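Structural characterization, general
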Amino acid sequence: MMGMMGGGCPTVGMMGHGRMGQGFQGDGGWFGGAMGRQPKMGAMTEGRTAYLKGELNITSKQQAAWDAYASAVSGRVELMQGLHEGMIETMKKGTATERMDSRISGMEAMLESLKAMKPVTEGLYAVLTDEQKVVADDLIGGDCGAF
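Residues numbered from 1 in each chain as written. Predicted model: local features only at pLDDT ≥ 70, side-chain atom pairs only at ≥ 80, totals over all residues. Heavy atoms only, no water.

For the rest of this paragraph, the subject is the packing of aromatic side chains. Using the criterion set out here, one finds 1 aromatic pair in the structure. Between W66 and Y69 the ring centres are 5.6 Å apart and the planes differ by 40 degrees, which places this aromatic pair in the tilted class. In this pair, W66 and Y69 both sit in helix α4 (residues 63-93), 3 residues apart, roughly one turn of the helix. (Phe/Tyr/Trp six-rings, centres within 6.5 Å; stacked < 30°, edge-to-face > 60°. Helix = DSSP H or I, 4+ residues; strand = E, 2+ residues; numbered from the N terminus.)

Moving on, we get to the pattern of salt bridges. Tallied over the entire structure, the rule returns 4 salt bridges. Two residues, E112 and K115, come together in a salt bridge whose shortest N-O distance is 3.9 Å. Linking E112 with K115, this pair stays in helix α5 (residues 96-127), spanning 3 residues, or about one helical turn. Via salt bridges that share partners, E89, K92 and K93 belong to a single interconnected network. (Salt bridge = Lys/Arg side-chain N within 4 Å of Asp/Glu carboxyl O.)

A few words on the nonpolar core. Core analysis: the largest hydrophobic core is formed by 13 residues, its most contacted members being L52, L56, W66, Y69 and L124. At the level of elements, α3 (41-56), α4, α5 and α6 (130-139) are the ones that each hand at least two residues to this core. (Core = buried A, V, L, I, M, F, W, Y, C linked by side-chain atoms within 4.5 Å. Buried < 20%, exposed > 50% of the residue type's maximum accessible area, 1.4 Å probe, protein only.)

Here N57, not a glycine, exhibits a phi torsion of approximately 55 degrees, which is positive. With respect to the element layout, N57 can be found in the loop between α3 and α4.

Relative to the 45 Å expected for 31 residues at 1.5 Å per residue, α4 spans 46 Å between its end C-alpha atoms, a close match to the ideal helical length. Along its length, α4 shows its largest kink, about 30 degrees, at M87. A65, W66, Y69, V73, R76, V77, M80, Q81, H84, M87, I88 and M91 are the residues of α4 that are buried. (Expected span 1.5 Å × (residues − 1). Bend = angle between axes of the 7 residues up to and from the residue.)

A separate point is the confidence of the model for the protein. Overall, the prediction assigns the protein a mean pLDDT of 76, with 69% of residues at 70 or greater. Model confidence for the protein, summarised as mean pLDDT per element, is weakest for helix α1 (residues 10-15) at 39 and strongest for α6 at 95. Ignoring residues within four places in sequence, the model shows residues 1-38, a span with pLDDT below 50, making 81 contacts including any to other chains. (pLDDT = per-residue confidence, 0-100. Contact = heavy atoms within 4.5 Å.)

What follows is about the packing of α4 against α5. Remark: α4 packs on α5, axes separated minimally by 9 Å, with the N-to-C direction vectors making an angle of 175 degrees. Classed by the angle they form, the pair α4 and α5 counts as roughly antiparallel. (Axes fitted to C-alpha atoms, helices over the stretch in contact; angles between N-to-C directions. Parallel < 35°, antiparallel > 145°, perpendicular 65-115°, else oblique.)

Let us look at α5. Relative to the 46 Å expected for 32 residues at 1.5 Å per residue, α5 spans 47 Å between its end C-alpha atoms, a close match to the ideal helical length. Largest kink in α5: about 25 degrees, centred on K118, with the proline P119 one to four residues after it. All buried positions along α5 are accounted for by R99, S102, R103, G106, A109, M110, S113, M117, T121 and L124.

For the rest of this paragraph, the subject is the side chain of S113. Residue placement: S113 occurs in helix α5. A polar contact of 2.3 Å, which involves the side chain of S113, links it to the side chain of R76. Discounting chain neighbours no more than four positions away, the residues touching S113 are R76, L79 and M80. (Polar contact = N/O pair within 3.5 Å; in protein donor to acceptor, adjacent residues only side chain to side chain.)

What follows is the structure in structure tokens.
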């Protein structure tokens, strides 16, 4: 999810950390730090979408496509946050095979989420001017979160 904020790809990074390191004890590692701040993800998403809307200079004629896009982003964040919350215990205490299953589920959910974002992103992109598309090309879809 942080990838959607332009901060790299901890979704994949988190799922690739196994039991190594101290992050599982809450010392600021993946589960003590980044994951512990997830409740703020909604506010971060709202801020990011407001920023994106401003940078794109969305017009009233483009508002319906924007609303569909912003709604999909919000739903995607809620879905992924719920998934991560469910993964935390498995990643802390699960067996090797349970952690692997959890990673597989997480990656499948990420793929489905990206697939769900594609049509609304295409819909938004279709109503943008050439100038807005340049901005969109710079700000949307370049990170692992495709937001």
